[in-house]
Amino acid sequence: MVKTIRKKTEEKESLVLSTIRENQPISRTKLKGLTGIRLATITDVVKRLKQDGLIIEQGREESLRGRKQSLLRINGERYFALGLEFDAEKIIVLLIDLNSQIKKIGKTEIGEDKREESITERIASAASSLCEGIPREKLLGLGIADPGVVDSEKGISLFSSLIPNWENVPLGRILNERLKIPVKLIGAPKAKVMAEFRLGAGKGINDLLFIEFGPGIACGIISEGRLLRGHNEMAGELGHTHVSDNGTICACGSYGCLEAITAVPAIVKKIKESIKAGSESLIKNSEDEQITAVEIFQAAKHGDKLCLNILSKAAHYLGLGIANAVNLFNPEMVIFDQRMGIGGDFFLEEIKQVIKRQALRFATGSLKFAVSPLGEKGGPLGAATLILDEFFQSGGRM
Ligand SMILES: [Zn+2]
């Protein structure tokens, strides 16, 4: 009995706190309207949340009867959350307050040493130097956007095709021991779609797809207002859906995968091969020289026929892959990785045309498109947001 009452109280606290978070500044009367909880209970819950320093009263608004009502807000500075994303090249880490405001951000290059212990050490020191000077009791936790496959229950980074020999790394335990705060792992595309859903182009949209484009291809899915993880975190592997029978081998061991044809390394490989075979291009390239996605998009922007041609084929296949995802998940909006917009509109326009042509017209009729406004902040921001979400769902209890 006592347990049931406590659970009900916690549910009400969670609902009140989340409603304030999403509708602030808000009066008690409006809270009653939105939550359906009695005003007397709201007054009690608000009292507890104020005592804990989680909400503050700030400003007033005129009520219907002409009485001034004080407005409630989340006290952003009460607690903080850390978010971090890493891949083979860099680490981005940021600190947000309870209102998801970024307070600090840092970027570290991984460098030449890609050994597991060296990368984990760099991740740990990047995170700990960013939260220097902040008392541990004010930190709710660290969310990590992982470039590969994770076991989020156990906090293990299982595998990443981007980092050599990266397997079964107990990142959660290592960082928890080092930082003394809770650590949560999530796949980067899932973190990115969460960030768009809460703070970016998809704010308030309950059915969203975020398309990640870079060394790999993947998508993050919000369906009916919830992040889709799948049975064991594998939902959203758009890059390994089959789009061609041309036999291109993929790093996953299969062939004809979207990623093997359209991800940045595949595009770079095709351009190098074509130049070697004698094709004219603005990109001057010798065997061992690196070509970046930015160079390719820029050359296409300046009318480079080779780059235009290869990017156009990549756009075609990306469009096919995304059209399949649109038919499966019926999103209201598709958000493209900021990296897809580097070369101007032509690449995205081609993708959109294929999606509209290929997916069912009832699914594309009202489909919206956007380019991520969050860019490389999206991963760490989404990972930190998960820490905040959990805190708010628990009614603000540590
Ligand atoms: Zn594959």
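What you see is a predicted model; the values in this text were computed from it and never measured.

Colleague: I tried to follow the overall build of the protein chain on my own but got confused; where do I start?
Modeller: Scanning the protein chain from terminus to terminus reveals 13 helices and 15 strands. Relative to the globule expectation of 21 Å for 398 residues, the C-alpha radius of gyration of the protein chain, 23 Å, shows essentially globular dimensions. Projected onto its principal axes, the C-alpha positions of the protein chain cover 80 × 50 × 40 Å. The 398 residues of the protein chain split such that 49% are buried.

Colleague: Would you take a moment to explain the domain arrangement of the protein chain for this structure?
Modeller: The accessible area lost on association of the parts is a frequent measure of interface size. Taken as a whole, the protein chain is organised into domain 1 (2-74), domain 2 (80-193 + 378-393) and domain 3 (203-373). One C-alpha centre belongs to domain 1, the other to domain 3; they are set 44 Å apart.

Colleague: What is the right way to read the coordination of the zinc ion from this model?
Modeller: When a metal carries six donors in an octahedron, the ideal angles between them are 90 or 180 degrees, while four donors in a tetrahedron ideally lie at 109.5 degrees. On the protein side, the zinc ion has His240 (ND1), Cys250 (SG), Cys252 (SG) and Cys257 (SG) as donor atoms, found 2.0 to 2.4 Å from it. Of note is the zinc ion, whose 4 donor atoms meet at the metal with angles of 104 to 123° in an arrangement that counts as tetrahedral. Counting along the primary sequence, the residues that act as donors to the zinc ion give the motif H-x9-C-x1-C-x4-C. In terms of burial, Cys250 and Cys257 fall into one category: buried.

Colleague: So what exactly am I meant to see when it comes to helix H13 (residues 378-393) here?
Modeller: Note: α-helices contain 3.6 residues per turn, so residues at a spacing of three or four share the same orientation. With 16 residues, H13 should cover 22 Å at 1.5 Å per step; its first-to-last C-alpha distance of 22 Å lies within 8% of that length. Across the 16 residues that make up H13, a large majority, 14, are buried. Just downstream of H13, Gly395 is the residue with a positive phi angle, here 75°.

Colleague: Explain the pairing of strand E8 (residues 156-159) here, please?
Modeller: Side-chain direction in a regular strand flips from residue to residue, so the side chains alternate between the two faces of the sheet. Inspection of the sheet shows strand E7 (residues 149-151) paired to E8 by 3 bridges, in the antiparallel sense. Residue pairing in the sheet places Val150 in a bridge with Ser157 of E8. For E8 and strand E9 (residues 167-169), the ladder comprises 2 bridges, and the chain directions are antiparallel. By the bridge assignment for E9, Phe159 is matched with Glu167.

Colleague: Please clarify how unusual backbone geometry should be interpreted in this entry.
Modeller: Excluding glycine, residues mostly carry a negative phi; peptide bonds, for their part, are mostly trans. With an omega of -5°, the peptide bond running from Gln24 to Pro25 counts as cis. Along the polypeptide, Pro25 turns up in the loop between helix H1 (2-23) and helix H2 (28-35). One non-glycine residue, Ser100, adopts positive backbone phi at about 65°. Considering the arrangement of structural elements, one finds Ser100 in the loop between strand E4 (90-97) and strand E5 (102-109).

Colleague: Sorry if this is basic, but what is going on with the pairing of strand E12 (residues 217-223) here?
Modeller: The element E12 is extensively covered by neighbouring structure, given that 6 of its 7 residues are classed as buried. Pairing of strand E11 (residues 208-213) with E12 involves 6 bridges; the strand directions are antiparallel. Residue pairing for E12: Leu209 is matched across the bridge by Ile221. The hairpin formed by E11 and E12 contains 3 residues between the paired strands. Connecting E12 to the next strand, strand E13 (residues 226-227), in antiparallel fashion are 2 residues, including Glu224 with a positive phi near 50°.

Colleague: Is there a simple way to think about the sheet that holds E7 in this case?
Modeller: To summarise the sheet geometry, strands pair through backbone hydrogen bonds and adopt either a parallel or an antiparallel arrangement. Within the open sheet, the 3 strands sit side by side as E7-E8-E9. Their pairing is antiparallel. Edge positions in the open sheet fall to E7 and E9, since each of these has one partner strand only. Direction aside, neighbouring strands of the sheet carry axes that sit 20° apart on average.

Colleague: Quick question: what am I supposed to make of the packing of aromatic side chains here?
Modeller: Describing an aromatic ring pair means giving the distance of the ring centres and the angle of the ring planes. Applying the stated rule across the entire model yields 8 aromatic pairs. Judged by centre distance (5.8 Å) and plane angle (55°), the ring pair of Phe213 and Phe347 falls under tilted. Here the residue Phe213 occupies a position in strand E11, and Phe347 occupies one in helix H11 (residues 345-358), the gap between them amounting to 134 residues. Like Phe347, Phe213 is buried. Here Phe297 and Phe347 contribute two aromatic rings whose centre-to-centre distance is 5.1 Å and whose plane-to-plane angle is 75°, an arrangement assigned as edge-to-face. You can see Phe297 sitting in helix H9 (residues 293-301) and its partner Phe347 sitting in helix H11, a full 50 residues away along the chain. Three or more aromatic residues joined by ring pairs make a cluster, and in this case those are Phe213, Phe297, Phe346 and Phe347.

Colleague: How should the packing of H2 against helix H3 (residues 39-51) be read in this particular structure?
Modeller: Two packed helices can be described by the angle between their axes and the distance between those axes. One can describe the packing of H2 onto H3 by two numbers: an axis separation of 10 Å at closest approach and a directional angle of 115°. One finds that H2 runs roughly perpendicular with respect to H3. For the pair H2 and H3, the crossing hand works out as right-handed. Seen from H2, the contacting residues are Arg28, Thr29, Leu31, Lys32 and Thr35; seen from H3, they are Leu39, Ile42 and Val46.

Colleague: What am I meant to see in the nonpolar core here?
Modeller: One recurring pattern in soluble globular proteins is that nonpolar side chains are buried together. By size, the foremost hydrophobic cluster in this structure holds 45 residues, and its most contacted members are Phe336, Phe347 and Ile351. Listed by contribution, the elements that provide at least two residues to this core are E11, E12, helix H7 (258-262), helix H8 (264-276), H9, helix H10 (305-329), strand E14 (333-336) and H11. Top element by residues in this core is H10. It accounts for 11 residues. With near-sequence residues (within four places) excluded, Ile351 lies in contact with Ala315, Leu318, Gly319, Ile322, Phe336 and Met340. Listed in part, the 30 residues of the second largest apolar core include Ile119, Ile123, Leu142 and Val169.

Colleague: For this particular structure, what's the right way to read the packing of H8 against H10?
Modeller: Taken N-terminus to C-terminus, the directions of H8 and H10 make an angle of 145°; their axes are 10 Å apart at the nearest point. The handedness of the crossing between H8 and H10 comes out as right-handed. Contacts from Ile267, Lys270, Ile271, Ser274 and Ile275 in H8 reach Leu306, Cys307, Ile310, Leu311 and Ala314 in H10. Taken together, the residues of the contact of H8 with H10 break down into 8 nonpolar, 1 polar and 1 charged.

Parameters and conventions
- Residues numbered from 1 in each chain as written.
- Predicted model: local features only at pLDDT ≥ 70, side-chain atom pairs only at ≥ 80, totals over all residues.
- Heavy atoms only, no water.
- Helix = DSSP H or I, 4+ residues; strand = E, 2+ residues; numbered from the N terminus.
- Rg over C-alpha atoms; globule rule 2.2 N^0.38 Å.
- Buried < 20%, exposed > 50% of the residue type's maximum accessible area, 1.4 Å probe, protein only.
- Domains from an automatic or database assignment.
- Donors = N, O, S within 2.8 Å, 3.2 Å for Na, K, Ca; no water.
- Tetrahedral: all angles 85-135°; square planar, octahedral: opposite > 155°, others 65-115°.
- Expected span 1.5 Å × (residues − 1).
- Pairing = 2+ DSSP bridges.
- Axes fitted to C-alpha atoms, helices over the stretch in contact; angles between N-to-C directions.
- Phe/Tyr/Trp six-rings, centres within 6.5 Å; stacked < 30°, edge-to-face > 60°.
- Parallel < 35°, antiparallel > 145°, perpendicular 65-115°, else oblique.
- Left-handed = near helix turned anticlockwise from the far one by under 90°.
- Contact = heavy atoms within 4.5 Å.
- Core = buried A, V, L, I, M, F, W, Y, C linked by side-chain atoms within 4.5 Å.
- Nonpolar A, V, L, I, M, F, W, Y, C, P; charged D, E, K, R; others polar.

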